[in-house]
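Examination of the molecular architecture
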Amino acid sequence: MSTVTTIEKFILERQPVYARGELTNLLYDIALAAKIIGHKTNRAGLIDILGDVGALNIQGESQQKLDVYAHEILLQLCEHTGRLCLMVSEEQEDPIYIPERYGKGSYVLVFDPLDGSSNIDVNVSIGTIFGIYHCVDTSNRGRIEDALQPARSLVAAGYVLYGASTMLVYSTGDGVHGFTLNPEYGEFLLSHPNLRLPNPPAYYSVNAAYYKRWSPGVRRYLDWLEGKDPDSPNLSARYIGSLVADFHRNLLRGGVFFYPAEQKKPDGKLRLLYEAGPLAFLIENAGGYASDGRHPILDIVPADPHQRVALFIGNRDLVERVEAFIRQEEMKM
Ligand code: FDP
C-alpha cells in the first residue's frame, strides 16, 4: 500500500532541528491561502450566473475581482502572524509594511496573488507565485531593501496552480516537491516528490505572435526551436499564456518557456521579484536554468519591486542556446 503524506507532515519533517518553526508556519499559511483561493477560483464561472464583478452580491457587498480577492486573502493570513517584516504584492504599488500593532518576524514574502489575469474569465488555469527571503536587517521593522534581493538569496519559493486540480509546488533549496489538493478532505497530499526536469525535453512555449518585435538573436532562437536548423531539437509547441500553467507543464515534461524583451518593452513583460525570481529558484532546484538572455535571473538585483525582466526558463541546454544566439547576433552589430 502506498503511503500518504500531507504537506504539513512533509514540511515539519524537513524543518532543521535548530529552526523555530517560523518558516514552517509561513508555508502553512500560504498552503491555507491556496486552499481558500482555489475554492473561490473553482466557482469563478458561477459569477456570470450569480452576478458580474462590480455588481452587488446577495449580501449587498460589492463583488471583488479574483486577483484582488487573492491578494487580500494572503494579506489576511500572513500580515498579523509575527512571521514577516515586509510583503510585496503584484496587486499593490507600495511595499506592505507590517503594522505596529502586530509582531514583526524575520521573513519577507513577495507574491503575485493571481497570475494569468487574461485567463481568469475564460476558465483556463491560473496561479499564485511566491518567494520568501530573510530580512536583510532584522533590527529594523522592514524596509524596501529587505525585498530588493536577488533570487539567489531566496529561502523558499513556490507556486499554486489552479487547474484541473489545485497543486502547490515549492522548494526550500533541497529539491522541488509537488502536492495535489484532495478537495474531499481539504489536504494537500504529496504527489510529485523531488521533481527533476526530464531530458530530452518535450516542449517550447512562447507567444510567437510577437516574433517581429524581438531582437535578431531571439528570432533565430525561435527558428531553431521550430526545427529550421540541421541541429534543431525535436520539440513540440505548447502555450497557454498563464505563466504558472506553462511553467508547470514544462517542469513535468521538460522544455523552455520564454517571454523576451520587445522593441517597445525593452525589459519584457514579466516581473522579476515575484514571477521570474521564484520560478528561477525552482527551475535551478529541478536541474534547469533561467536567464534574461544574458545573465542568470538568480543574480539580478531588483532596483524596484515591480521591475520587469525578459525570461527564458527551462532545461539548461535550451536556455544556454538562446544566450549563445543573442551573443552571436549582437557581435554582428
Ligand atoms: P496575464 O497578462 O494574463 O496576467 O504575468 C502576466 C501574464 O499573464 C503571464 O501569466 C503570461 O505568461 C503572460 O502574461 C502572457 O502574456 P501574453 O498575453 O502577452 O502572451
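See the structure printed just above.
Summarised in this report is the structure supplied together with it. Being a predicted model, the structure only gives us computed values, none of them experimental. Positions within a chain are numbered from 1, following the residues in the order the chain's sequence is written. For a predicted model such as this one, the threshold for reporting local features is a pLDDT of at least 70, and the threshold for listing and counting side-chain atom pairs is 80 or more; totals across whole chains, interfaces and linings nevertheless cover every residue. Side-chain measures were taken over the full set of non-hydrogen atoms in the model, leaving aside hydrogen atoms and water.

Quick notes on the pattern of salt bridges
Throughout this description, the term salt bridge denotes a Lys or Arg side-chain nitrogen within 4 Å of a carboxyl oxygen of Asp or Glu. Counting across every chain of the model gives 17 salt bridges. Between Glu13 and Lys9 there is a salt bridge, and its shortest N-O distance comes to 3.2 Å. Taken together, the residues span about one helical turn, with Glu13 and Lys9 both in helix H1 (residues 7–13) at a distance of four residues. Taken together, the shared-partner salt bridges in this structure form one network comprising Arg213, Glu262 and Lys265. Only DSSP runs of H or I reaching four residues or more are called helices, and only runs of E reaching two or more are called strands; each is numbered from the N terminus.

What to know about the site of the ligand
If you check the shell around the ligand, you find 15 residues, and the closest are Asp115, Ser118, Tyr239, Tyr259 and Lys269. The backbone of Gly116 places a nitrogen or oxygen atom 3.4 Å from an oxygen atom of the ligand. Throughout this description, a polar contact denotes any pair of N or O atoms lying within 3.5 Å of each other; where both atoms belong to protein, one of them has to be capable of donating a hydrogen while the other can accept it, and for residues adjacent in sequence the pair is counted only when both atoms sit in side chains. Tyr239 has a polar side-chain atom sitting 2.6 Å from an oxygen atom of the ligand. Here the ligand loses 85% of its free accessible area of 460 Å² to cover by the protein chains. Elements with a contribution of two residues or more to the shell around the ligand: helix H5 (117–120) and strand E11 (255–259). In the scheme used here, Gly and all other residues not listed as nonpolar or charged are polar, with Ala, Val, Leu, Ile, Met, Phe, Trp, Tyr, Cys and Pro taken as nonpolar and Asp, Glu, Lys and Arg as charged. Tallied by class, residues from the shell around the ligand come to six nonpolar, six polar and three charged. Each residue is tested against the molecule or strand, and it is near if at least one of its non-hydrogen atoms lies within 4 Å. For accessible areas, the Shrake-Rupley method is used with a probe of radius 1.4 Å. Any residue's cover is judged against the shown protein chains and nothing else.

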